[in-house]
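Here are the chains, one letter per residue:
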Amino acid sequence: DAKTTQPTSMDCAEGRAANLPCNHSTISGNEYVYWYRQIHSQGPQYIIHGLKNNETNEMASLIITEDRKSSTLILPHATLRDTAVYYCIVRVNSNSGYALNFGKGTSLLVTP
Amino acid sequence: DTEVTQTPKHLVMGMTNKKSLKCEQHMGHRAMYWYKQKAKKPPELMFVYSYEKLSINESVPSRFSPECPNSSLLNLHLHALQPEDSALYLCASSQITNLAGGRHEQFFGPGTRLTVL
């Protein structure tokens, strides 16, 4: 699986959009970009994933550059409950059990 | 029911004890996982079970022994652990699907916080 690079930490004011970048310059054509987050003392939680098109769901939007070498997770209206570590993971979808290789992630702090 | 449950929530054990961690899911998922997470570090994969068979073992020491007795349960048996094994142990499950573009989401439990004295 391709490696990812994320900023160590970011701050965001409550109610504003949080834009979390991720670099994955060695991504292969069949690798998907996944985002998970981990709120303190909880298990990781799936947020969104995509291959090459931009994606949106009830939690977030995922913008993937045309060359697929980087992506941005957007939380449109951050709340205090969005304070968490956000992990960008690049992997091939498999039809059997597979590993999630978590990098160091970005620690997002949403402030009042 | 989209929940993965883990018991116990907390466990303190001595280096000579034998204990077990339990994980349960009722989502019909046929892949189940154990991850280990040290403080302020990301989760690290330990084991993967597919269709109740061990498919990935990330060179985990034999003092950790996984078991998948049925499609809903996953156990992690602990014996002769060291203090450096103190960590949060996370269980997860996922569907097994042939759909390449499918969500392939892993659902995580809240973890068992283990302290080895």
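Residues numbered from 1 in each chain as written. Chains lettered and ligands numbered in written order. Predicted model: local features only at pLDDT ≥ 70, side-chain atom pairs only at ≥ 80, totals over all residues. Heavy atoms only, no water.

Student: Even after reading the chapter, I still don't get the nonpolar core, so can you show me in this structure?
Tutor: Soluble, globular proteins show a tendency: their nonpolar side chains are buried together. One finds B:Trp34, B:Phe64, B:Leu76 and B:Leu78 to be the most contacted residues of the largest nonpolar core, which totals 23 residues. Of all the secondary structure elements, the ones that give two or more residues to this core are strand E2 (10-13), strand E3 (18-25), strand E4 (31-37), strand E5 (44-50), strand E7 (64-70), strand E8 (73-79), strand E9 (87-94) and strand E11 (112-116) of chain B. Once residues within four sequence positions are removed from consideration, B:Leu78 is found in contact with B:Leu11, B:Met13, B:Asn17, B:Lys18, B:Lys19, B:Leu21, B:Arg63, B:Phe64 and B:Leu114. In terms of nonpolar packing, the next biggest core, distinct from the first, is built from 21 residues, A:Ala60, A:Leu62, A:Ala78 and A:Val90 among them. (Core = buried A, V, L, I, M, F, W, Y, C linked by side-chain atoms within 4.5 Å. Buried < 20%, exposed > 50% of the residue type's maximum accessible area, 1.4 Å probe, protein only. Helix = DSSP H or I, 4+ residues; strand = E, 2+ residues; numbered from the N terminus. Contact = heavy atoms within 4.5 Å.)

Student: Sorry, what's going on with the packing of aromatic side chains here?
Tutor: Each pair of aromatic rings is reported with the distance of its centres and the angle of its planes. Residues and elements named next belong to chain B. Under the criterion given, the structure shown has ten aromatic pairs over all chains. Relative to Tyr 89, the ring of Phe 64 lies with its centre 5.8 Å away and its plane at 35°, an arrangement referred to as tilted. Taken together, the residues span a long stretch of sequence, with Phe 64 in strand E7 and Tyr 89 in strand E9 at a distance of 25 residues. Judged by its relative accessible area of 4%, Phe 64 falls in the buried class. (Phe/Tyr/Trp six-rings, centres within 6.5 Å; stacked < 30°, edge-to-face > 60°.)

Student: What is the right way to look at the pairing of strand E7 (residues 70-75) of chain A in this model?
Tutor: Regular strands have side chains that alternate between both faces of the sheet. Residues and elements named next belong to chain A. One ladder, built from six bridges, connects strand E2 (residues 18-23) with E7; its direction is antiparallel. Residue pairing for E7: Cys 22 is matched across the bridge by Ser 71. For strand E6 (residues 61-64) and E7, the ladder comprises four bridges, and the chain directions are antiparallel. Residue pairing for E7: Ile 64 is matched across the bridge by Ser 71. (Pairing = 2+ DSSP bridges.)

Student: Explanation requested: the layout of surface pockets in the structure shown.
Tutor: Remark: the empty space left among the atoms is shown by a probe the size of a water molecule rolled over them. Taken as a whole, the largest pocket encloses approximately 720 Å³ of empty space. As for the largest pocket, its lining consists of 26 residues, and the residues nearest its centre are A:Val85, A:Tyr87, B:Gln37, B:Lys40 and B:Lys41. Where the lining of the largest pocket is concerned, the elements lending two or more residues are strand E8 (84-92) and strand E9 (106-111) of chain A. When residues of the lining of the largest pocket are assigned to their parent elements, the largest contribution, three residues, is made by E8(A). Among the residues forming the lining of the largest pocket, the class breakdown is seven nonpolar, 14 polar and five charged. (1 Å grid on protein atoms, 1.4 Å probe; cavity = no way out; pocket = protein on both sides within 12 Å on 5 of 7 lines; lining within 4 Å. Points joined across faces, edges and corners; volume = space filled by probe spheres on them. Nonpolar A, V, L, I, M, F, W, Y, C, P; charged D, E, K, R; others polar.)

Student: Got a minute to help me understand the environment of A:Asn53 in this structure?
Tutor: Residues and elements named next belong to chain A. Residue placement: Asn 53 occurs in the loop between strand E4 (45-50) and strand E5 (55-56). What makes Asn 53 exposed here is its relative accessible area of 52%. Linking Asn 53 and Thr 5, residues 48 residues apart in sequence, is a C-alpha distance of 20 Å.

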